[in-house]
Structures are given as structure tokens and as C-alpha cells.
Amino acid sequence: MKGTHRIIVQNKRIRYNFVIKRNITIIRGDSATGKTALVDMIREHFENGTASGIELTCDKECTVLEGRTWRGQLPMMRDCIVFIDEGNEFVMSDDFASAIRDTDNYYVIVTREGIPSLPYSVDEIYGIRDSGKYGTLKRTYNELYHLYQVPDWNQTVKPEKVITEDSNSGFQFFQSICERGGQITCINAQGKSNIFADVVNHRKEKILVIADGAAFGSEMEKLMRLIKGYPNIALYLPESFEWIILESGVIEDSNISQILKHPEDYIESKEFFSWERYFTTLLVQSTQSSYLKYSKKQLNPAYLQEKVLDKILTVIKGIDLC
């Protein structure tokens, strides 16, 4: 499945109207915010149709996955939008992550906790905004660039230390830039799950965390709890390092420009478990016959040439690494 899908579900008491565009959408929030009511309505309509008193409008079938028999239910769900309510502990398991990896469904998961085994985007974490009779999804983390606890959003970030999730080309790129300035230390966390510990160790310094927003969603809740009250910590969460390069325009390809405007229309969920993987594939394929040939493991020195570097840095706005 790919593309954007609007879901409208309603009965006489409440109406939900929202859009999803990635294979994994997370709905979180406290009790009595309408999360379970939404899933209940999806279930009742799937089981009883119009006899349930519920109207559902969507271009894809909407259904609910739950209970001990979820493994048996999943193979029957194809090209569906699958809702999973909180309390279904299987969503936290590696077994579940493995089972949905190559499916052509979209998944809407209600949970209060992060799910480390799933690569979901910081941009697809929502709460439910309930205005009485109407409910819609309200994005929890609204901006691609997060600068928390600093009231002036136009203030340039000048870190003392940069912590990257990436230990490969992305880290090599940012390390090279930091070394040129000579004032900034760049370290790699060697994976998103290690960023929290690194921030703890350096939380009194001026830190910039750089991670792949396309798959960093599971780490956001605990990281935000930690850095609350630390105006010296900033987060830069682009889709991925490869996305930064593609967005910079160093590769002159009108198709890439079009894809980046609406990536959801091009990224098939069955082929790409996260958008980060898609952008990596797109960059590798687009540069394979050029001097900008990209490798995720080893940064091509061409990306540090002045003209190329300057273009890439124009994407990274509001951050001074030199």
C-alpha cells in the first residue's frame, strides 16, 4: 500500500475524520481521550456493517487486529488499514515487527509507550483532539526541526557536541564538518537506542542530537522527558541523512524533486518498512553512475567538496556547525 488515505468514521454521538500516509501511525494519549472509542467503532463496523449504526468512509478496508490469535488473523488482512488497540501486548514483540514487515497494510496502533521494534516516524505520532462530537488526530511532534525549551525559533543553534544516530556516512559527514570548525566534538551513538544514554552523559553541555526522524518515533517520549528543562539540548530530526542529500538538489533530477514533494505516493509499504530505507535506495540508484556515487557505509569524498557541501548545508537551516 502507498498513498494518502482519509478515514471518516461516525455514529450519532461522535465523528472522527483524519488522514494517514505511512505504514505505521501511532495514536497515544491518556484515558478518556477517545482512542479506544475509535478502535471500537472500526471493529463494530467491520463486523456488522451498517447494522452497527456506524458509517465508515475510506478507500481501503479498515479492520482490527487483536487477541491471542493475531498471527492467524494477519495473513487474511491484505491491502487494509489495520487498527490495534492498547492492551495487545504482541505489538511490543519482535515477532510482531517481523510479521508485518513485508505486508501491504497500513497499521494504526494505539499505545502509551514507545515500540522499539518498529521504525515509525516522529511525524506520525498523534493524540486525539476531541471537540465533543468531532474527533481528529493532532500531531504530537509538529516540526521536522525540533528546538525544545528555546522560545526564539529563529535562534541559531551552535552546539559544543553533536551526537549522531548514524555511525556510517552520516556520521562521517557531520564529523568532517565539526572538525573543520575545530570547536565541536562529534560522536556517534551507534544506533537510535543508544542516543538516550549519550544525552544523559552530556546533558549539561550544548548538545545537538541528529537522528533519522523517519524511524525515531519510539525514542521520542523518553528523550523528551529527559531533556525537559534543558534549553541547551536541541534535536534535528530530518527524515534521514540520505533525505538531506536528495533535498539539497546536488543531484539534478526532476523525478527526485517530485518524489520529495509527496513521498507517500511513491513508497510501497510492502517493499520499505521505513521511509529511511526508501530514501537510501533512491539515493544509491540515482548516483550509481556518477561521481556522487553513494555508499551508506563509507562517505564518498565528493560530498565534502565545497560546491556540493554548500548545497547540502542549505538544507540544514538554523544550525551552525562551522
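Everything below is about the structure shown above.
Computed from a predicted model, the values in this text were never measured in an experiment.

The rules behind these values
- Residues numbered from 1 in each chain as written.
- Predicted model: local features only at pLDDT ≥ 70, side-chain atom pairs only at ≥ 80, totals over all residues.
- Heavy atoms only, no water.
- Helix = DSSP H or I, 4+ residues; strand = E, 2+ residues; numbered from the N terminus.
- Buried < 20%, exposed > 50% of the residue type's maximum accessible area, 1.4 Å probe, protein only.
- Areas by Shrake-Rupley, 256 points an atom, 1.4 Å probe, with all protein chains shown as cover.
- Lys, Arg positive; Asp, Glu negative; His and termini not counted.
- Charge placed at Lys NZ, Arg CZ, Asp CG, Glu CD.
- Polar contact = N/O pair within 3.5 Å; in protein donor to acceptor, adjacent residues only side chain to side chain.
- Contact = heavy atoms within 4.5 Å.
- Salt bridge = Lys/Arg side-chain N within 4 Å of Asp/Glu carboxyl O.
- Core = buried A, V, L, I, M, F, W, Y, C linked by side-chain atoms within 4.5 Å.
- Phe/Tyr/Trp six-rings, centres within 6.5 Å; stacked < 30°, edge-to-face > 60°.
- Lys NZ or Arg CZ within 6 Å of the ring centre and 35° of its normal.
- Arc of directions from axis to C-beta.
- Axes fitted to C-alpha atoms, helices over the stretch in contact; angles between N-to-C directions.
- Parallel < 35°, antiparallel > 145°, perpendicular 65-115°, else oblique.
- Nonpolar A, V, L, I, M, F, W, Y, C, P; charged D, E, K, R; others polar.

## Focus on the overall build of the protein
In step 1: A count of helices and strands for the protein gives 10 helices and 14 strands.
In step 2: Projecting the C-alpha coordinates of the protein onto the three principal axes gives extents of approximately 70 × 45 × 35 Å.
In step 3: Per-residue burial for the protein yields a buried fraction of 51% across its 322 residues.
In step 4: Of the roughly 15,500 Å² of accessible surface on the protein, 46% is carried by carbon and sulfur atoms.
In step 5: Treating the 39 positive side-chain charges of the protein as one cloud and the 44 negative ones as another, the clouds have centres 2 Å apart.

## Overview of the side chain of His5
In step 1: Within the element layout of this structure, His5 appears in strand S1 (residues 5-10).
In step 2: Within the local environment of His5, its side chain forms a polar contact with the backbone oxygen of Lys2, the two atoms lying 3.0 Å apart.
In step 3: Within the structure, His5 has its side chain in polar contact with the side chain of Asp59 (distance 2.9 Å).
In step 4: Each residue touching His5, except ones within four places of it in the same chain, is listed here: Phe18, Val19, Ile20, Cys58, Asp59, Lys60, Ile81 and Tyr106.

## Re the environment of Leu223
In step 1: Mapped onto the elements of the fold, Leu223 is located in helix H6 (residues 217-227).
In step 2: Since its relative accessible area comes to 1%, Leu223 is described here as buried.
In step 3: Expressed as a C-alpha distance, the spacing of Leu223 and Gly34, which sit 189 residues apart in the sequence, is 26 Å.
In step 4: With near-sequence residues (within four places) excluded, Leu223 lies in contact with Phe196, Val199, Phe216 and Leu235.

## Topic: the pattern of salt bridges
Opposite charge on two side chains lets them pair, provided their charged atoms get close.
In step 1: The tally for this structure, following the rule as stated, stands at 15 salt bridges.
In step 2: Glu221 serves as the salt-bridge partner of Arg28, at 2.9 Å between the closest nitrogen and oxygen. Highlighted residues: Arg28 in the loop between strand S3 (24-27) and helix H1 (35-48) and Glu221 in helix H6, separated in sequence by 193 residues.
In step 3: It is possible to trace a salt-bridge network through shared partners that takes in Arg22, Glu124 and Glu239.

## As for the nonpolar core
In step 1: Formed by 43 residues in total, the largest nonpolar core has its most connected members in Phe174, Ile245 and Tyr303.
In step 2: Listed by contribution, the elements that provide at least two residues to this core are helix H4 (169-181), strand S13 (207-210), strand S14 (233-236), helix H7 (241-248), helix H8 (254-261), helix H9 (275-287) and helix H10 (306-315).
In step 3: Listed in part, the 22 residues of the second largest apolar core include Ile14, Ile42, Ile54 and Cys62.

## Examining unusual backbone geometry
In step 1: At Asp79, a position not held by glycine, the phi torsion is positive, near 55°.
In step 2: Topologically, Asp79 is positioned in the loop between helix H2 (70-73) and strand S6 (80-84).
In step 3: At Gln190, a residue that is not glycine, the phi angle is positive and equals roughly 55°.

## Examining the packing of aromatic side chains
In step 1: Summed over all chains, the structure comprises 11 aromatic pairs.
In step 2: With centroids separated by 6.4 Å and ring planes inclined at 85°, the aromatic side chains of Trp275 and Phe279 adopt a geometry described as edge-to-face. Of this pair, Trp275 and Phe279 are both found in helix H9, four residues apart, which corresponds to roughly one turn of the helix. Taken as a pair, Trp275 and Phe279 share a single burial class, namely buried.
In step 3: Sitting over the face of the ring of Trp275, Arg22 holds its NZ or CZ atom 3.5 Å from the ring centroid.
In step 4: The side chain of Lys222 reaches across the aromatic face of Phe196, ending 5.2 Å from its centre.

## Looking at H8
Think of an α-helix as 3.6 residues a turn; residues three or four steps apart then line up on the same face.
In step 1: Along H8, the residues that are buried comprise Ile256, Ile259 and Leu260. Seen along its axis, H8 keeps its buried residues to an arc of 95°; they face one direction. Residues Ser254 and Lys261 are exposed on H8 and point more than 90 degrees away from its buried face.
In step 2: The inward-facing, buried residues of H8 contact H7 and H9.

## Some thoughts on H7
In step 1: H7 sits mainly inside the fold: seven of its eight residues count as buried.
In step 2: Taken as a whole, H7 has its buried residues at Phe241, Glu242, Trp243, Ile244, Ile245, Leu246 and Ser248.
In step 3: Contact partners of the buried residues in H7: H4, S14, H8, H9 and H10.
In step 4: After H7 finishes, the residue Gly249 shows a positive phi value of roughly 85°.

## Topic: the packing of H7 against H10
In step 1: At a minimum axis separation of 8 Å, H7 and H10 run at an interaxial angle of 110°. Overall, the two elements H7 and H10 adopt an arrangement that is roughly perpendicular. Touching Trp243, Ile244, Ile245, Glu247 and Ser248 of H7 are Lys311, Ile312 and Val315, all from H10.
In step 2: In terms of residue class, the contact of H7 with H10 is built from five nonpolar, one polar and two charged.

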